[in-house]
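# Reading the structure
Each chain, letter by letter, is given below.
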Amino acid sequence: MGTTETGYENANGQKVLGPSDLTSNHHNQRLFEMSCTHCGCGYNANGCDIHIRRCPSCQNGKPSSEAL
Ligand SMILES: [Zn+2]
């Protein structure tokens, strides 16, 4: 399963809810809607970051990625 597929969950328990309509400020990346399986926090992440993403709320991860 690809790391940007809906339902993918990384080793930190961060789950992909699906692609958003937003383009990120990161070069040529789309933002994906993410959810933390530990605390339920929702946020946006760059596609290239999903596999290493940590929850901004309970895992000291980066804040939700900004749209362009
Ligand atoms: Zn969390």
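The present account deals with the structure reproduced in this document. (Residues numbered from 1 in each chain as written. Predicted model: local features only at pLDDT ≥ 70, side-chain atom pairs only at ≥ 80, totals over all residues. Heavy atoms only, no water.)

### A look at the overall build of the protein chain
On a plain count of helices and strands, the protein chain comes out with zero helices and three strands. The order of helices and strands in the protein chain, counted from the N terminus, is β-β-β. A globule of 68 residues ought to have a C-alpha radius of gyration of about 11 Å, and the protein chain, at 11 Å, matches this closely. Judged by the C-alpha coordinates and their principal axes, the protein chain covers about 30 × 25 × 15 Å. The buried share among the 68 residues of the protein chain stands at 38%. Of all intrachain contacts in the protein chain linking residues separated by at least 6 positions in sequence, the fraction that spans at least 24 positions is 27%. Carbon and sulfur atoms provide 45% of the accessible area of the protein chain, an area that totals close to 4,000 Å². (Helix = DSSP H or I, 4+ residues; strand = E, 2+ residues; numbered from the N terminus. Rg over C-alpha atoms; globule rule 2.2 N^0.38 Å. Buried < 20%, exposed > 50% of the residue type's maximum accessible area, 1.4 Å probe, protein only. Contact = heavy atoms within 4.5 Å. Areas by Shrake-Rupley, 256 points an atom, 1.4 Å probe, with all protein chains shown as cover.)

### A few points about the state of the cysteines
Under the criterion given, the structure shown has zero disulfides. Just so you know, Cys48 is unpaired, no disulfide at all, and the nearest cysteine sulfur is the one on Cys55, 18 Å from it. (Disulfide = S-S within 2.5 Å.)

### Focus on the coordination of the zinc ion
Those donors, Cys36 (SG), Cys39 (SG), Cys55 (SG) and Cys58 (SG), are the protein atoms that reach the zinc ion, and they lie 2.3 Å from it. Taken together, the four donor atoms surrounding the zinc ion define angles of 105 to 116° at the centre, an arrangement classified as tetrahedral. Of note, the donors binding the zinc ion are all from one chain and are spaced C-x2-C-x15-C-x2-C. With Cys36 in strand β2 (residues 30–36) and Cys58 in the segment after β3 (42–46), this pair connects stretches of sequence that are 22 residues apart. (Donors = N, O, S within 2.8 Å, 3.2 Å for Na, K, Ca; no water. Tetrahedral: all angles 85-135°; square planar, octahedral: opposite > 155°, others 65-115°.)

### Section: the sheet that holds β3
The antiparallel open sheet is built from three strands, whose spatial order is β1-β2-β3. The open sheet has two edge strands with one neighbour each: β1 (14–23) and β3. Ignoring which end each strand starts from, the neighbouring axes of this sheet average 35° apart. In this structure, β1 lies alongside β2, joined through six bridges in antiparallel fashion. Counterpart to Val16 in the pairing with β2 is Met34. (Pairing = 2+ DSSP bridges. Axes fitted to C-alpha atoms, helices over the stretch in contact; angles between N-to-C directions.)

### What to know about the pairing of β3
Most of β3 sits inside the fold, with four of its five residues counted as buried. As defined by bridge partners, β2 adjoins β3 across five bridges and the pair is classed as antiparallel. Each residue of the ladder has a partner; that of Phe32, found in β3, is Ala45. Taking the residues between adjacent antiparallel strands as the criterion, β2 and β3 are bridged by five residues, where Gly40 takes a positive phi near 85°.

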